[in-house]
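# Per-entry structural report
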Amino acid sequence: MSYRTYNELWAQAQLILDEATKNDSNLLTSKINKDKVVVFKELSTVMVSYILAINKLDECYDQVIQPQKRILIRNILELSLGRYLELKNDMVNLNYNEFTYLDSATAQLGLLPQDVELTIPSHYRNERLKTIEWQNNFIDEVLKKTGFYEEEKIEVDMPIRQAILLIQKHERARQGRMRAQFMKEVRAMNKPDAGDVELSDNAKKAAMKIQRVWRGFITRRKIRSRVVEEMLLIGMLPPNSIDTEEQQKVEEVKSARRIVQIKRQKEYELALIQEKEEIKDHVKEKMKEDIRDEVRAWYMGVKSQTGKFPDLPSEESGGSAVIYTRYKTASSHSKSTSQSSSKGTKSHKSKSIAGKESKEEVKKKADEEDVGFKMGPSNFLQELMLASSEYEEVWKGMDESKNTSQMHIKSIVKAQKVAEVERELRKIVDVHLRAELEILQNALDKDNAIRTKRSKKQKKVKRSNKKAKKKRDKDLTPDRTLESLFEELVMNGIIHKYPAIRLSSFKGDASYAGCDVMRWDNDPSPTLGDVRHAVRDSCVLPMLSDQIHQAGPAVRSVLIAGAHGSGKHTLVNAVCTELGATLFDLTSANIVGKYPGKSGLTMLLHLVNKVARLLQPSVIFIEDAEKTFMKKVPKTDKTDPKRLKKDLPKLVKVIAPTDRILLLGTSCCPWDCDQKSLTSTYGKIIVIPRPDYASLYHIWNDLLFQYSGLSRKFDVSSLAKLSDGYSIGTIIKVLQEVMTCKRVLQLTIRPLMHVEILNALARHDPIYKEEDEAFNLWYSRTPLGRRKQKALDAEVERRMIENDKHSGAK
């Protein structure tokens, strides 16, 4: 695909983004809407638009070669992801549900469910491949040293004499077989010819019958294969999992473009350095003089108007560049100095009045929030619109017919470096100008005899610069390197490897009728696809980059609850794989006997905190999270599960917005503990439901048809119906029991029967309805579930009042 293809794809993404940002800004500035159904439809439509744009931008960033385009595309992509997460947070606050149902907006826009499946950008993980590889190799080396891994035996090269003898032995054997075959043919030629014997009529009839049956069998087999090919062509049957040659060629082309990307990026970085040096050599002194002349003209103009010299803005606020941004003009500066005293007196009065009125208005605001819904402010939308405007001004409609190799554009590089050099020189010039202004002001103060006032002002400035220093935690390991700390945690089993599992391998369809079921008095039952989306939005997307994590909704801890075999560990491994994260296992069974005592626990938490911050993103995993907050520990449990009861909430609170660290817990029976401590530690809770028919069909379909010998017409629908209630883990175990190596080889001779799978399923227990209801009851008592119940009660009360009014009017 040429650069024109991705330019068109980028243009399509920008059109979708422009429409989405317009609708989004209208929703932000609109008043509180009491009809939550209307708000939900508007929000879901905007979210679908962002998803479409993100998928297109991700494909563009993966394949666009021009480095300056890629910088802007990446910025727009991250801002779009951040805004999507903000809208998801608004959806949760609107419906009091961690699952988002977009089927109504999908149908309204005429899209397929596959179109609104947000793909996780892979370039974040690809950029960390060297770090991930280093971690895995380091873990392997440490485990080999400790004896957990057996060293691979290196085969010694065979001596030349022994190799020659082996070749001679096989050659003599081949010649013997050839001689035996030759003698067999000679003996067959010496026998009398039996071809002259005439066949009887019965023998001819028998031969013709055999021919007819055989030809019929061959023809039917060809027809069946043609029917299967036709059904595969029109998409009525699932294809084989084996990659075709076309797909392999596409991947080769993509990988080749990625190699060119690296080359163009290096050329661009080199051009930036060279251009900056050239500007400094030729234009440096002239730029300094221009800046001095501009600032001197400014403060002399202010002095002629006000009679005194103004203060030059500080370096933190932007220096002399602020003067020309029109945010702070000379006139507004003079007005602010003259009116500062009056504003100060009014501010105290306004604060006191606000304090009195706040108590009376709190109830009104709370009632308005209960009745209607108002979206929260956005940290991404304004920057996203600015980045989109940069595309409109620079890249839209640019003629690149002469830049077929997609090199960097020199004019943009020059303008960028001129601005950068100007900022650096302005800081240097501002220092000299501040000293010059101070000399001029002192001279003016002598003439006006107001030196005392100036000294008081200077003292106040000095006092304001003194800031209270925050106390930092003491570093218990100041002299140790990252490698030594990492090795210690690996040897103790705190850090370990995890299987590479993509989140897409957690099979299951999303809900296709969630919005139709979702009413004020009813909640749709989530599916496994909805769980996958919730884990993606809560655990993966917020941790992708520093920009998204710092400005987006804060997610510090997530609890995944579900029955045995529902896929909790698969989701944990998938989150770590998608992020390329470092996994710290603080499960009670894993840390028992390690770092004993209070001092040992302090050292353990210090090591985890320090290494997790140095190797971001990091995931702190706790299996059986309910055991940490159990009221009574069984006597048979020797793992001391309550060891982290006090320190775990503190660990979560210490996680700052700049720390890409996630506490991820799993639980099979979350009701067996102190609920207040559990819900205060884990900010988000995701419950995995029983697989529904659509998810079971999807799972059976993918797992069974990976075997090439299985008939494409195998009835998966009946199997999905009969396996209702069984978890994913049980289904995988059953397939491992049935589809042995011997059974797979026999598929072409003896087709697979449903009875074989059902007999194996009967030996396992399903997820009973009582256990599923227990999870629903427990979730209704969580903070989000209580908010949901409170909103439902308020809705019931409001409807009763409306019915009473209607009946009274009649």
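Each chain has its residues counted from 1, following the order in which its sequence is written. With the structure being a predicted model, the display of local features is reserved for residues of pLDDT at least 70 and the display and counting of side-chain atom pairs for 80 or more, all residues being used for whole-chain, interface and lining totals. Calculation of side-chain values draws on the structure's entire complement of heavy atoms; hydrogens and water are dropped beforehand.

A word on the overall build of the chain. For the chain, the count of helices and strands is 30 helices and five strands. Partly exposed describes any residue whose relative accessible area lies between the buried limit of under 20% and the exposed limit of over 50%, with all areas from a 1.4 Å probe on protein chains only and scaled to the type maximum. Counting across all 810 residues of the chain, residues that qualify as buried make up 39%. Sequence-distant contacts in the chain: of pairs separated by 6 or more residues, those separated by 24 or more amount to 83%. Each accessible area value is a Shrake-Rupley result obtained with a 1.4 Å probe; residue values ignore everything except the protein chains displayed when judging cover. Looking at the chain as shown, the accessible area adds up to about 49900 Å², and 55% of this sits on carbon and sulfur atoms. Segments assigned H or I by DSSP are reported as helices when at least four residues long, segments assigned E as strands when at least two residues long, and all are numbered from the N terminus. Only heavy atoms matter for contacts: two residues are in contact if any of them lie within 4.5 Å across the pair.

Okay, a nonpolar patch on the surface next. A surface patch of nonpolar side chains, about 370 Å² in accessible area, is lined by Leu233, Ile234 and Met236. Overall, Leu233 belongs to the exposed group, its relative accessible area being 74%. The patches described consist of residues with a relative accessible area above 30% and no salt bridge, like charges being joined within 9 Å and nonpolar side chains (Val, Leu, Ile, Met, Phe, Trp, Tyr) within 5 Å. Salt bridge, as used here: a side-chain nitrogen of Lys or Arg that lies within 4 Å of a carboxyl oxygen of Asp or Glu.

Another point: the sheet that holds strand E3 (residues 618-622). Two strands qualify as a pair provided that DSSP identifies no fewer than 2 bridges between them. Spatially, five strands are ordered E2-E3-E4-E1-E5 in an open sheet, and the strand pairing comes out parallel. Each edge of the open sheet carries a strand with a single partner, namely strand E2 (582-585) and strand E5 (684-687). Going from strand to strand, the sheet's axes swing by 20 degrees on average, the running direction of each strand aside. Note: E3 against strand E4 (residues 661-667), five bridges, orientation parallel. If you follow Ile620 over to E4, its bridge partner there is Leu663. Running at roughly 170 degrees to E2, helix H21 (residues 597-614) makes contact with E2, E3 and E4 of the sheet. Lines fitted to C-alpha atoms define the axes here, with helix axes fitted over just the stretch in contact, and angles between the N-to-C directions of these axes take values from 0 to 180 degrees.

Before going further, it helps to examine the packing of aromatic side chains. For Phe, Tyr and Trp, rings pair up if their centres lie within 6.5 Å, where Trp contributes its six-membered ring, and each pair is then called stacked (planes under 30 degrees apart), edge-to-face (over 60) or tilted (otherwise). If you walk through the whole model with that rule in mind, you get seven aromatic pairs. Ring geometry for Trp134 and Phe486: centres 5.4 Å apart, planes at 40 degrees, overall tilted. Of this pair, Trp134 sits in helix H6 (residues 129-146) while Phe486 sits in helix H15 (residues 482-491), and the two are 352 residues apart along the sequence. Judged by its relative accessible area of 30%, Trp134 is partly exposed.

What follows concerns the pattern of salt bridges. Going through the model one piece at a time under the given rule, you end up with 31 salt bridges. Glu420 serves as the salt-bridge partner of Lys417, at 2.5 Å between the closest nitrogen and oxygen. Placement of both Lys417 and Glu420 in helix H13 (residues 410-448) is noted, with a separation of three residues, approximately one turn of the helix. Lys417 sits in the buried class, given a relative accessible area of 7%. Among the salt bridges present, the one from Glu737 reaches Arg763, with a minimum N-O distance of 3.7 Å. Placement of Glu737 in helix H26 (residues 728-738) and of Arg763 in the loop between helix H28 (754-762) and helix H29 (769-780) is noted, with a sequence separation of 26 residues between them.

As for its placement among the helices and strands, Gln441 is situated in helix H13. A relative accessible area of 6% means that Gln441 is categorised as buried. Taking the C-alpha atoms as reference, Gln441 lies 8.9 Å from Pro310; in sequence the two are 131 residues apart.

pLDDT is defined as a per-residue confidence score from the predictor, taking values between 0 and 100. Overall, the predicted model of the chain reaches an average pLDDT of 81, with 86% of residues at or above 70. Within the model, pLDDT remains below 50 along residues 362-370, and this stretch shows two contacts once partners closer than five positions in the same chain are excluded. Note on residues 450-471: pLDDT is under 50 here. Beyond four places in sequence and across chains, it has seven contacts.

Turning to helix H19 (residues 568-579), a few remarks are in order. In this scheme, a helix's expected span is set at 1.5 Å multiplied by one less than its residue total. With 12 residues, H19 ought to run about 16 Å at 1.5 Å a step, and its terminal C-alpha atoms sit 17 Å apart, in line with that. By the criterion of burial, H19 is predominantly enclosed, with 10 of the 12 residues buried. Here H19 has its buried residues at Lys568, Leu571, Val572, Asn573, Ala574, Val575, Cys576, Thr577, Glu578 and Leu579. In the core, the buried residues of H19 are packed alongside helix H5 (123-126), helix H17 (528-540), strand E1 (557-561), E2, E3 and E4. In the stretch just after H19, Gly580 is the one whose phi turns positive, near 65 degrees.

Next up on the list: the side chain of Arg128. Tracing the backbone shows Arg128 in the loop between H5 and H6. Think of it this way: Lys and Arg go in the positive column, Asp and Glu in the negative one, and His and the chain ends go nowhere. Glu127 provides the closest opposite charge to the buried, unpaired Arg128, separated from it by 8.1 Å. We define a polar contact as two N or O atoms separated by no more than 3.5 Å, with the added condition that, inside protein, one atom must be a possible hydrogen donor and the other a possible acceptor, whereas residues neighbouring each other in sequence contribute only through side-chain atom pairs. In terms of polar contacts, Arg128 uses its side chain to reach the backbone carbonyl oxygen of Leu579, at 3.5 Å.

Quick look at the pairing of E1 now. Most of E1 sits out of view: five of its five residues are buried. Across the two faces of E1 the burial is the same, with Ser557, Leu559 and Ala561 and Val558 and Ile560 all buried. Here five bridges tie E1 to E4, and the two strands are oriented parallel to one another. From the neighbouring strand, Leu559 faces E4, where its bridge partner is Gly665. In terms of strand pairing, E1 meets E5 through four bridges, oriented parallel. Note on E5: the bridge partner recorded for Leu559 is Ile685.

So, on to unusual backbone geometry. The peptide bond linking Gln616 to Pro617 adopts the cis configuration, its omega dihedral lying at -5 degrees. On the secondary structure map, Pro617 appears in the loop between H21 and E3. With a phi angle near 55 degrees, Asp624 is a residue other than glycine that sits in the positive phi range. Within the secondary structure, Asp624 is located in the loop between E3 and helix H22 (647-654). The phi dihedral of Asp640 is positive, around 50 degrees, even though this residue is not glycine. As for its placement among the helices and strands, Asp640 is situated in the loop between E3 and H22. For Asp640, a relative accessible area of 46% corresponds to the partly exposed category.

All of the buried residues along H22 are Leu648, Leu651 and Val652. The buried residues of H22 occupy an angular sector of 95 degrees when projected down its axis, which confines them to one face. Exposed residues lying more than 90 degrees from the buried face of H22 are Lys650 and Lys653. What the arc covers is the set of directions going from the helix axis to the C-beta atoms.

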